[in-house]
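Here is how the chains run, residue by residue.
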There are 2 protein chains.
Amino acid sequence: MTDNRYCVIMAGGAGTRFWPKSRQSMPKQFLDILGTGKSFIRHTYERFAPLVAPENFVVVTNRRYKALVLEHLPELDEKQVLCEPVGRNTAPCIAYAAYTLLKENPEAEMIVTPSDHLILNEEEFRTVIGECLAFAATHNALMTVGIKPTRPDTGYGYIQVSDAQPVSKVKCFTEKPGLELAQTFLQCGEFYWNSGIFVWTAKNIVEAFERYLPEHHALFSGLMRALGTDAERNIVEMVFAECRAVSIDYGILEKADNVYVRCGEFGWSDVGTWGSIYQHSRKDRYANAAPEEGCYLSDTRSSIVSLPKGKIAVINGLKEYIVVDTDDVLLICPRAEEQNIKKFIDEVKYHNGDKHI
Amino acid sequence: MTDNRYCVIMAGGAGTRFWPKSRQSMPKQFLDILGTGKSFIRHTYERFAPLVAPENFVVVTNRRYKALVLEHLPELDEKQVLCEPVGRNTAPCIAYAAYTLLKENPEAEMIVTPSDHLILNEEEFRTVIGECLAFAATHNALMTVGIKPTRPDTGYGYIQVSDAQPVSKVKCFTEKPGLELAQTFLQCGEFYWNSGIFVWTAKNIVEAFERYLPEHHALFSGLMRALGTDAERNIVEMVFAECRAVSIDYGILEKADNVYVRCGEFGWSDVGTWGSIYQHSRKDRYANAAPEEGCYLSDTRSSIVSLPKGKIAVINGLKEYIVVDTDDVLLICPRAEEQNIKKFIDEVKYHNGDKHI
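Residues numbered from 1 in each chain as written. Chains lettered and ligands numbered in written order. Predicted model: local features only at pLDDT ≥ 70, side-chain atom pairs only at ≥ 80, totals over all residues. Heavy atoms only, no water.

1. Some points on the side chain of Asn56(B)
Turning to its location among the elements, Asn56(B) is positioned in the loop between α1 (40-48) and β2 (57-62). There is a polar contact of 3.0 Å between the side chain of Asn56(B) and the backbone oxygen of Asp3(B). (Helix = DSSP H or I, 4+ residues; strand = E, 2+ residues; numbered from the N terminus. Polar contact = N/O pair within 3.5 Å; in protein donor to acceptor, adjacent residues only side chain to side chain.)

This is the structure we're talking about:
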């Protein structure tokens, strides 16, 4: 561990895909959807804790989740939680952290990570991150972590490498390809999933902002001067109100010529759908995601059931369903229809307001 | 109204068929499963209130439901609730009421009714009961109310009449016939459903007990002497412990030669299954039992959904299902499988004890 090494956890998502289990007031990163005993954000923190000192973690989140972050990560001081007044995708989120760290420590090395992913082999994962840190410290490189794909997933972004070295220059990014293209990518062997985990120095990413997102650079440079002063909150408000929502991939990585990828295999998922939860769960002999205690299934298969603590369910005759029960909302939906959850939410919102959202 | 006219409401059932909506601690007669705004027992009371003075109602129930009865029927005095220590089917239940009324008023005329049936045309129903009362007051007759059948239901008992008079002597009782027999009954026109609603004088039914159920007569005659004394509770305990469980139909009506039936058509159901609830509910245009507020159904038809107050449900892709959600139990079951609910309860009981039963 060095004092220059920081971990930036992006935890601003208000994901609706796990509704009604996740809510606006309690998004996925604060939940233990897989039943591991810890929330995703807690797992994320503990995953990096062997590499980064507690005081060198920074969490960027929406203002409304600040208390939740501190509750899940009591090791952090309040000032380690950077609050966005409004979500503007990953580029502004990363900029806020990068300009803050650059002011604090011009030598800062940053790991940037989502707060709600699953990683099975954490030892191997930290080895990969260690190599990224070493590479980023000695090259003017924006590092991204690539994942060896195991299926032609059409929901992920793909990174094409230019050679077979462990650390390779990126040739091309492709966001969410069609199934045919995804199959070609899988067969070709040059394509990796984009994990959304990055490693770079604060100085290098700020230089990239200056070059590729000059408007953002202007806004966040202005903010930099106000950091730690009474004016900070107001200026953050203004900066986020004015800055364009853009992802770091689209805004910088797809344009910069110093982007490198370290490919790894350590059992990764962004756990973005009930389908992926189902995939990562143990199964009973009828291919149901290992039922929770109090779950009585008969003539039911390939289904996933989530219940509030202490509740029991008697479920008969469901094939390939998602059943999510919470104190105030019950969802029953075929697994193949889960992309409609967003529509269901809109309908509920239209009729019942935000109460159940 | 005459002071001799009494209404005996049988309310001891601990029906499990509506589990998890009904519970051991809150059986069907105290619920408003049809969403009418009143419990079944309250409807029963109000149905007879134009015919019987409040002080002439008697409710026979299990000891544990005494407080519930008084809560639903605040018009009653505590002494109008006769408590069985244990259920012994309808004959002992009716005997308890009959011997009690005979002691109180040797001229007592009794209407005996279940507490959990549905009757749509109450005006017509009261006309039928009025005729039964008139007949029973002037003949030594045990009257039963027959219902003109509308389908070959295999769950009901059937009564064959001996002539086409409004009040006819009963030729034969048949309990739960097979489908083929039920179809024959329906076509034949001589068969009526046995509603389980009876009218007779206390004197006549006690005479029938003496003749056809002499053991019960001995026990309840003994009890009669103790009624209203300090010994009553202990003797009731002893009587119910000793007396054989038997239905009034099997024990007396199928044997006696003075049983008459008054047939009626007034929209009757014993509401014994979710299927019958479904049948009696208004339907939406996809044949779902009119969904409760907060129920968002898509690609769902011919289903029935019951939710706790204030809860919402988003249900996609169910055909012909029963979904019953309560605070501590969720049931999802194809309508065609509802006869398995009893098995589900046994399984839950085996693993979780009585907590959710």
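The discussion continues.
2. Concerning the interface of chain B and chain A
Counting residues at the interface gives 31 residues for chain B, matched by 31 residues for chain A. Taken together, both faces of the contact between chain B and chain A bury some 2500 Å²; the carbon and sulfur share is 61%. Inspection of the region where chain B meets chain A yields 2 salt bridges. The partner of Lys311(B) in a salt bridge is Asp325(A), and the shortest N-O contact between them spans 2.5 Å. Summed over the shared surface of chain B and chain A, the result is 18 residue pairs in polar contact (both at pLDDT 80 or more). Contributing elements (two or more residues each) for the side of chain B that touches chain A: β12 (295-298), β14 (312-316), β15 (321-325), β16 (329-334) and α11 (341-352) of chain B. Of the residues forming the side of chain B that touches chain A, the biggest block, 6 residues, is contributed by β16(B). Residues belonging to the side of chain B that touches chain A are distributed by class as follows: 17 nonpolar, 8 polar and 6 charged. Relative to β16(B), strand β14 (residues 312-316) of chain A is paired through 4 bridges, and the arrangement is parallel. Bridged to Ile315(A) within β16(B) is Ile332(B). (Contact = heavy atoms within 4.5 Å. Buried area = accessible area lost by both parts, 1.4 Å probe. Salt bridge = Lys/Arg side-chain N within 4 Å of Asp/Glu carboxyl O. Nonpolar A, V, L, I, M, F, W, Y, C, P; charged D, E, K, R; others polar. Pairing = 2+ DSSP bridges.)

3. Regarding the confidence of the model for chain A
Confidence in the prediction for chain A averages 93 pLDDT; 99% of positions are at 70 or higher. Model confidence for the complex is summarised by a pTM of 0.83, with the ipTM given as 0.82. (pLDDT = per-residue confidence, 0-100.)

4. A short note on the packing of aromatic side chains
Residue and element names in this part refer to chain A. Evaluation of the coordinates by the stated rule reveals 32 aromatic pairs over all chains. Relative to Phe 57, the ring of Tyr 45 has its centre 4.4 Å away and its plane inclined at 45°; by these criteria the two rings are tilted. Taken together, the residues span a long stretch of sequence, with Tyr 45 in helix α1 (residues 40-48) and Phe 57 in strand β2 (residues 57-62) at a distance of 12 residues. For Phe 57, a relative accessible area of 0% puts it in the buried group. Where Phe 135 meets Tyr 260, the ring centres are 5.1 Å apart and the plane angle is 55°; that geometry is what we call tilted. In this pair, Phe 135 sits in helix α4 (residues 122-138) while Tyr 260 sits in strand β10 (residues 259-264), placing the two residues 125 residues apart along the sequence. (Phe/Tyr/Trp six-rings, centres within 6.5 Å; stacked < 30°, edge-to-face > 60°. Buried < 20%, exposed > 50% of the residue type's maximum accessible area, 1.4 Å probe, protein only.)

5. Digging into the relation of the copies chain B and chain A
In the superposition of chain B on chain A (RMSD 0.0 Å, axial shift 0.1 Å), the rotation amounts to 180°. The superposition of one copy onto the other is thereby described by a two-fold rotation axis. For chain B, the residue whose C-alpha comes nearest the rotation axis is Asp327(B), separated from it by 3.8 Å. Residue by residue, 100% of the interface of chain B is reproduced at the interface of chain A, so both copies engage with the same surface. (Least-squares fit on C-alpha atoms with pLDDT ≥ 70 in both.)

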